[in-house]
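# Survey of secondary and tertiary structure
Chain by chain, the residues run as shown.
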Amino acid sequence: MKILVCISKTPDTTSRIAFTENNTRFDEAGVQWIINPYDEWYALVRAIELKEKDPATTIHLVSVGGADCEPIIRKALALGGDEAFRIDIVSDDSYTVARQIAALCDREKYDIVFTGKEAIDSNNASLGGMIAEIYPAEYVSLATQFTLTPEGCSVTREVEGGEETISCALPAVISCQKGMAEQRIPNMRGIMGARTKPLHVVAAEAVTPLTTITRYELPAAKAGVKLVSADNVAELVRLLHEEAKVI
Amino acid sequence: MSVLIIADLQEGHLKKSNAEIISYGNEIARISGTSAGVLVLGNCSDNLSTLGAYGASQVYQVADANLQAVNPSVYVSVIAAVIEQIGADVIVFSNNPSSKSVAPGLSARLGAGLVSGAIGVPDLSNGFSVRKTVFSGKAFAEVSINTAKKIITLNPNSVSIPFVAKETVVTNLSISVPASTRKVTAVNKIEGEVPLTEADIVISGGRGLKGPENWGVLLDLAKVLKAGTACSRPVGDAHWRPHHEHVGQTGVQIAPNLYIALGISGAIQHLAGVNRSKVIVVINKDPEAPFFKAADYGIVGDLFEVVPQLTAAIQQLHAEG
């Protein structure tokens, strides 16, 4: 079984969000970078669990980005994974990134590709579906459980108002979210071992981006909370009914 | 530049989200001087002419039983075939678990730029630019689509465009549906609850409720408001409430008209899941709770005293009609 886990570098969830260069670039000053939580906690850890069950499993990691992605790739290797690829292109276009990863899939013939359900910075939730279409492979999004079966795999995924379980053949691309696995912390042996694991830098394919981010904007500041006394709950009801008109 | 709106169906029924995506697709057609059609995939137990109430004049249907379950590769093939047959340049979906499965693959298949989670009508003044949320709702991005064909998934509850009822013509399309070995083996729907992402009002509880046995006050309020119920991450992690109720950065992201937070401090990760709510009410006994900074209305007080009074006051409001 050969598994690829896609990991993305994102700002820490508590980072101050600000923009520079006339609101066209994310302000990276003072930002702590982390592995996108969905990629780390759910996609990577589920892959590691599968390898723990079947040691013949190979886990590759891939991140698409510049050299500043390497610390988070090493951190991911410290959690698990046998070797990693960094595809050397910086792009905010999901299709450009998907094409790079699909080219790696085509070369390495993965049985399973795990991604996080979305990156917490771009919120596109589109990488997995694009990889699946190009590779090609089955695609199951928003997975909360994954097991291998004789026919391929059985995957439980979120649907509106509940969950459904799907059986499909491999290869498959699975976008992972809460439920798939539990967050782990790398141990010292993992951290030491990660230093010597191979990290290949791969040249990117030339792709014309389908989309371009032209400008960012911060939401307008809230007008400020209107506080109502705890002794006058009826006033809150009046405000919600007459002023906000939401009840 | 014609517009194709992919109708939102659940178990063969039309969902209320169709009103928003049809009026949105019609608005794109209007500003670009073209027409819009609605595509229904699979069999539908509702009368499709009811879509006319939301302004749909042309409805296409591929009535094939193999389309009842959303199978990404099959849906991509069928939608691509429909586009080839009837022609469409802008494809509109509602952003939900189904479209998250289909729209990315369709984008790659057609070489059509995709904006997922759009929150506004495209700006055509300089190309084709769509606004979407990024950084989990902490910022917006203007995304320019560079390709002739364009795909937009619209976040629910993002735009309010008035719609004018129209006479609807339903056309059946004959499209061959590819075979697939993929199967849905189990469906587990939570019965009798308002699905969180569809709820107009959501009541959410945090550690301030002190334990699962105290949820009655919250559920009573939810009942009078016909609201969905949610919780913060610590509550989900402690199994006080089911995981699917967890709203926040790593849980469900919602955008109801009214979000009422009871005993939730409002950590930045929680706000990321709820900050697109139109009106936020916070009830917390700690006046320093950061949630008050993100709220529209607030009460500093003991929720076990305040919430039953709130429930009673709303009942009275309803009684007065």
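Residues numbered from 1 in each chain as written. Chains lettered and ligands numbered in written order. Predicted model: local features only at pLDDT ≥ 70, side-chain atom pairs only at ≥ 80, totals over all residues. Heavy atoms only, no water.

### Re the packing of aromatic side chains
Residue and element names in this part refer to chain A. Scanning the entire structure with this criterion turns up twelve aromatic pairs over all chains. Between the NZ or CZ atom of K2 and the centre of the ring of Y110, over which it lies, the distance is 5.6 Å. Directly above the ring of W33 sits K9, whose terminal nitrogen or CZ lies 3.9 Å from the centroid. (Phe/Tyr/Trp six-rings, centres within 6.5 Å; stacked < 30°, edge-to-face > 60°. Lys NZ or Arg CZ within 6 Å of the ring centre and 35° of its normal.)

### Side note on unusual backbone geometry
Here the residue pair A:Y135 and A:P136 is connected by a cis peptide bond, since its omega of -5° sits within 30 degrees of zero. Here A:P136 lies in the loop between α4 (127-134) and β9 (138-149). A positive phi is found at A:A125, a non-glycine position, where the angle reads about 55°. The exposure class of A:A125 is buried, given its relative accessible area of 11%. A positive phi angle, close to 60°, is found at B:H239, a residue other than glycine. Checked against the element boundaries, B:H239 lands in the loop between α5 (233-237) and β15 (258-262). (Helix = DSSP H or I, 4+ residues; strand = E, 2+ residues; numbered from the N terminus. Buried < 20%, exposed > 50% of the residue type's maximum accessible area, 1.4 Å probe, protein only.)

### Focus: the sheet that holds strand β12 (residues 172-176) of chain A
Spatially, ten strands are ordered β13(A)-β7(A)-β6(A)-β1(A)-β8(A)-β12(A)-β9(A)-β10(A)-β11(A)-β12(B) in an open sheet, and the strand pairing comes out mixed. Looking at the sheet topology across the chains shown, the edges are occupied by β13 (199-203) of chain A together with β12 (183-189) of chain B. Adjacent strand axes in the sheet meet at a mean angle of 30°, parallel and antiparallel pairs treated alike. Packed on one face of the sheet, α4(A) meets β1 (2-6), β8 (112-116), β9 and β12 of chain A and runs near 75° to β9(A). Contacts from helix α3 (residues 97-110) of chain B reach β9 and β10 (152-159) of chain A, with the element oriented near 95° to β9(A). (Pairing = 2+ DSSP bridges. Axes fitted to C-alpha atoms, helices over the stretch in contact; angles between N-to-C directions. Contact = heavy atoms within 4.5 Å.)

### Some details on the interface of chain B and chain A
Often, the extent of an interface is quoted as the loss of accessible area on bringing the components together. The interface is formed by 83 residues belonging to chain B together with 71 residues belonging to chain A. For the chain B and chain A pair, buried surface summed over both sides reaches about 6500 Å², with 57% attributable to carbon and sulfur atoms. Its largest share of buried area at the contact with chain A, chain B owes to B:F135, B:R182 and B:Y297, together 12% of the area lost on that side. The interface formed by chain B and chain A includes six salt bridges. (Buried area = accessible area lost by both parts, 1.4 Å probe. Salt bridge = Lys/Arg side-chain N within 4 Å of Asp/Glu carboxyl O.)

### Some points on helix α1 (residues 17-31) of chain B
Across its 15 residues, α1(B) extends 22 Å between first and last C-alpha, which sits within 8% of the 21 Å expected from 1.5 Å per residue. At the C-terminal side of α1(B), B:G33 shows a positive phi close to 65°. (Expected span 1.5 Å × (residues − 1).)

### Concerning the sheet that holds strand β16 (residues 279-284) of chain B
Strand pairing in a sheet takes place through backbone hydrogen bonds and is either antiparallel or parallel in direction. Strand order in the open sheet made by the six strands is β15(A)-β17(B)-β16(B)-β15(B)-β13(B)-β14(B), with parallel pairing throughout. Because the sheet does not close on itself, it has two edges, and the strands there are β15 (226-228) of chain A together with β14 (228-231) of chain B. Neighbour-to-neighbour, the strand axes of the sheet open up by a mean angle of 20°, direction not taken into account. By the bridge criterion, four bridges tie β16(B) to strand β17 (residues 297-300) of chain B in an arrangement that is parallel. Its bridge partner lying in β17(B), B:N284 is registered against B:V300. Docked against the sheet, helix α6 (residues 233-243) of chain A engages β15 of chain A together with β15, β16 and β17 of chain B, running at close to 175° with respect to β17(B). This element, helix α4 (residues 216-225) of chain B, spans β13 (201-205), β14 and β15 of chain B of the sheet and lies at about 180° to β13(B).

### Some details on the pattern of salt bridges
In this structure the tally under the stated criterion is 32 salt bridges over all chains. Across the pair A:E217 and B:R131 runs a salt bridge, and its minimum N-O distance is 3.1 Å. Here A:E217, found in strand β14 (residues 211-217), pairs with B:R131, found in strand β8 (residues 129-134), and the two come from separate chains. By relative accessible area, B:R131 is classed as partly exposed at 22%. With a closest N to O distance of 3.6 Å, B:K15 and B:D8 form a salt bridge. What makes B:K15 buried here is its relative accessible area of 8%. It is possible to trace a salt-bridge network through shared partners that takes in A:E160, B:D8, B:K15 and B:E198.

### Some words on the packing of α4(B) against helix α8 (residues 303-320) of chain B
All names here are of chain B. One way to put it is that α4 packs onto α8 with a least axis distance of 9 Å and a crossing angle of 20°. In terms of axis orientation, α4 runs roughly parallel to α8. For the element pair α4 and α8, the recorded crossing hand is left-handed. Here V217, D220, L221, V224 and L225 of α4 come into contact with α8, specifically with L303, F304, V307, P308, L310, T311, I314, Q315 and H318. Residues of the contact of α4 with α8, tallied by class, amount to ten nonpolar, three polar and one charged. (Parallel < 35°, antiparallel > 145°, perpendicular 65-115°, else oblique. Left-handed = near helix turned anticlockwise from the far one by under 90°. Nonpolar A, V, L, I, M, F, W, Y, C, P; charged D, E, K, R; others polar.)

### Brief notes about the packing of α6(A) against α8(B)
Where α6(A) contacts α8(B), the two axes come as close as 9 Å, and the packing angle between them is 50°. In terms of orientation, α6(A) and α8(B) fall into the oblique class. Crossing of α6(A) over α8(B) shows right-handed handedness. In this structure, α6(A) contributes A:V233, A:A234, A:L236, A:V237 and A:H241 to the contact, and α8(B) contributes B:V306, B:Q309, B:L310, B:A313, B:I314 and B:L317. Tallied by class, residues from the contact of α6(A) with α8(B) come to nine nonpolar, two polar and no charged.

### Observations regarding a nonpolar patch on the surface
Together, A:M188, A:I191 and A:M192 line one region of the surface with nonpolar side chains, adding up to about 290 Å² of accessible area. Mapped onto the elements of the fold, A:M188 is located in helix α5 (residues 188-194). (Patch = residues over 30% accessible without salt bridge, like charges linked within 9 Å, V, L, I, M, F, W, Y side chains within 5 Å. Areas by Shrake-Rupley, 256 points an atom, 1.4 Å probe, with all protein chains shown as cover.)

### Points about the environment of B:D237
Considering the arrangement of structural elements, one finds B:D237 in helix α5. Residues contacting B:D237, with those up to four places away along its chain left out, are A:K178 and B:H243.

### A word on the side chain of A:K9
All names here are of chain A. Following the sequence through the fold, K9 ends up in strand β2 (residues 9-11). In this structure the side chain of K9 is engaged in a polar contact, spanning 2.9 Å, whose partner is the side chain of D68. Leave out the neighbours within four places in its chain, and K9 touches W33, I34, D68, C69, I72 and D121. (Polar contact = N/O pair within 3.5 Å; in protein donor to acceptor, adjacent residues only side chain to side chain.)

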